[in-house]
Amino acid sequence: MLEVRDLQVRYGNITALHGVSFTVQAGEIVTLIGANGAGKTTSLHAVSGLLRPTQGQIRFLGQDIHGRTPEAIVRLGLAQSPEGRRVFSGLTVAENLAIGATPWRRRGDAIEDDLDRVYTLFPRLAERRTQLAWSMSGGEQQMLAVGRALMGRPKLLLLDEPSLGLAPIIVEQLFEQIVRINQQGVTILLVEQNAAMALAVATRGYLLENGRVVLEDRTASLQAHPLVKAAYLGG
Ligand SMILES: Nc1ncnc2c1ncn2[C@@H]1O[C@H](COP(=O)(O)OP(=O)(O)O)[C@@H](O)[C@H]1O
Ligand SMILES: [Mg+2]
């Protein structure tokens, strides 16, 4: 579904990605794990068109998307839930979700169907549909960010650090929903510093260090790898 090859990204004279390659097959949950600053968000932004790589190929559903606008890429069926959630704090839950509705699904019954689907997945959002986003807990705001991304009915969902700043019990509940979203047919590329949780739900993973992929494997093998165990799974 997604094939990224030899991606290089520079910010001015800093090179953030030195030739990163990864793939995501339809139906998978694939994770990019790595420490703060490893290049995870940069990789996602290159895929979603939010920044332009200096080098490399990006194919999504058989099409070359390198250099296309974020809008064009969303239209092909890709949605991103950003790091730090970025919900609109002064808007209600329902208003935030409506913003996620892509223009071509905003009319008629489509938006109602999409809202129902998100509310079924996250009943807490349904209970809070008229509540302002700023007044919700971190976990609820994260559900809203994921729900908003799902409003466009993406084929591929990019999740940037959904566990950030959340209590372990909330992270577990959220990841159960991520698995459920995947079971409903949405392919997922999950970026996480929380390697333990990410490897528990993903089928395959890539370890990024300093803008390079240093390991890639099935998650069971990564969980057993001495480097991953020592540096990312707390020994
Ligand atoms: N807008 C930016 N300007 C300059 N450097 C940046 C910018 N965004 C990220 N970087 C640098 O690029 C590297 C990768 O960052 P990032 O992709 O955000 O890592 P991660 O998401 O894994 O924490 C880091 O060294 C970071 O400091
Ligand atoms: Mg990041």
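Residues numbered from 1 in each chain as written. Chains lettered and ligands numbered in written order. Predicted model: local features only at pLDDT ≥ 70, side-chain atom pairs only at ≥ 80, totals over all residues. Heavy atoms only, no water.

**Q** So, helix H6 (residues 138-150): which residues are in play, and what are the values?
**A** In this model, H6 (13 residues) spans 19 Å end to end at C-alpha, consistent with the 18 Å of a helix rising 1.5 Å per residue. Buried within H6 are the following residues: Gly139, Glu140, Gln141, Gln142, Met143, Leu144, Ala145, Val146, Gly147, Arg148, Ala149 and Leu150. Looking at the packing, one finds that the buried side of H6 touches strand S6 (78-81), helix H3 (93-100), helix H4 (109-121), helix H5 (123-127), strand S7 (156-160) and helix H7 (168-183). (Helix = DSSP H or I, 4+ residues; strand = E, 2+ residues; numbered from the N terminus. Expected span 1.5 Å × (residues − 1). Buried < 20%, exposed > 50% of the residue type's maximum accessible area, 1.4 Å probe, protein only. Contact = heavy atoms within 4.5 Å.)

**Q** Go over the coordination of the magnesium ion (ligand 2) with me, naming the residues and quoting the values.
**A** At this site the magnesium ion (ligand 2) is bound by Thr41 (OG1) and Glu83 (OE), with donor distances of 2.0 to 2.2 Å. Of the two residues, Thr41 is situated in helix H1 (residues 40-48) and Glu83 in the loop between S6 and H3; the sequence distance between them amounts to 42 residues. The partly exposed category is assigned to Glu83, whose relative accessible area is 30%. (Donors = N, O, S within 2.8 Å, 3.2 Å for Na, K, Ca; no water.)

**Q** Summarise the environment of Ile65; cite the residues concerned and give the values.
**A** With respect to the helices and strands, the residue Ile65 is situated in the loop between strand S5 (63-64) and helix H2 (70-76). Given the relative accessible area of 2%, Ile65 is considered buried. Sequence separation between Ile65 and Gly49 is 16 residues; the distance between their C-alpha atoms is 8.1 Å. Setting aside anything within four residues of it in sequence, one finds Ile65 in contact with Val47, Ile58, Phe60, Ile73 and Leu76.

**Q** Residues and numbers for the pattern of salt bridges, please.
**A** Tallied over the full model, the rule gives six salt bridges. The partner of Lys40 in a salt bridge is Glu161, and the shortest N-O contact between them spans 3.7 Å. Linking Lys40 in helix H1 with Glu161 in the loop between S7 and H7, this pair joins segments that are 121 residues apart in sequence. As far as the burial class goes, Lys40 and Glu161 line up, both buried. One salt bridge in this structure joins Glu140 and Arg124, with 2.8 Å as the shortest N-O distance. Of this pair, Glu140 sits in helix H6 while Arg124 sits in helix H5, and the two are 16 residues apart along the sequence. The class for Arg124 is partly exposed, based on a relative accessible area of 39%. Within the structure, one salt-bridge network assembled from shared partners comprises Arg124, Glu127, Arg128 and Glu140. (Salt bridge = Lys/Arg side-chain N within 4 Å of Asp/Glu carboxyl O.)

**Q** For the sheet that holds strand S9 (residues 204-209), give the residues involved together with the corresponding values.
**A** In space, the six strands of this open sheet follow the order S6-S7-S8-S3-S9-S10, with mixed pairing throughout. The sheet terminates laterally at S6 and strand S10 (212-218), the two strands that pair on one side only. Each strand axis lies, on average, 15 degrees off the axis of its neighbour in the sheet, ignoring direction. Sheet analysis places strand S3 (residues 29-33) next to S9, joined by four bridges and oriented parallel. Bridge pairing in S9 links Leu32 to Tyr206. (Pairing = 2+ DSSP bridges. Axes fitted to C-alpha atoms, helices over the stretch in contact; angles between N-to-C directions.)

**Q** Can you break down the sheet that holds S5 residue by residue, with the values?
**A** Sheet architecture is open: four strands sit in the order S2-S1-S4-S5, paired in antiparallel fashion. Bordering the open sheet on either side are strand S2 (14-24) and S5, each of which pairs with just one other strand. In terms of strand pairing, strand S1 (residues 2-11) meets strand S4 (residues 55-60) through five bridges, oriented antiparallel. Counted as the bridge partner of Gln8 is Gln55 from S4. Along the sheet, H1 makes contact with S1, S2 and S4, crossing S1 at roughly 115 degrees.

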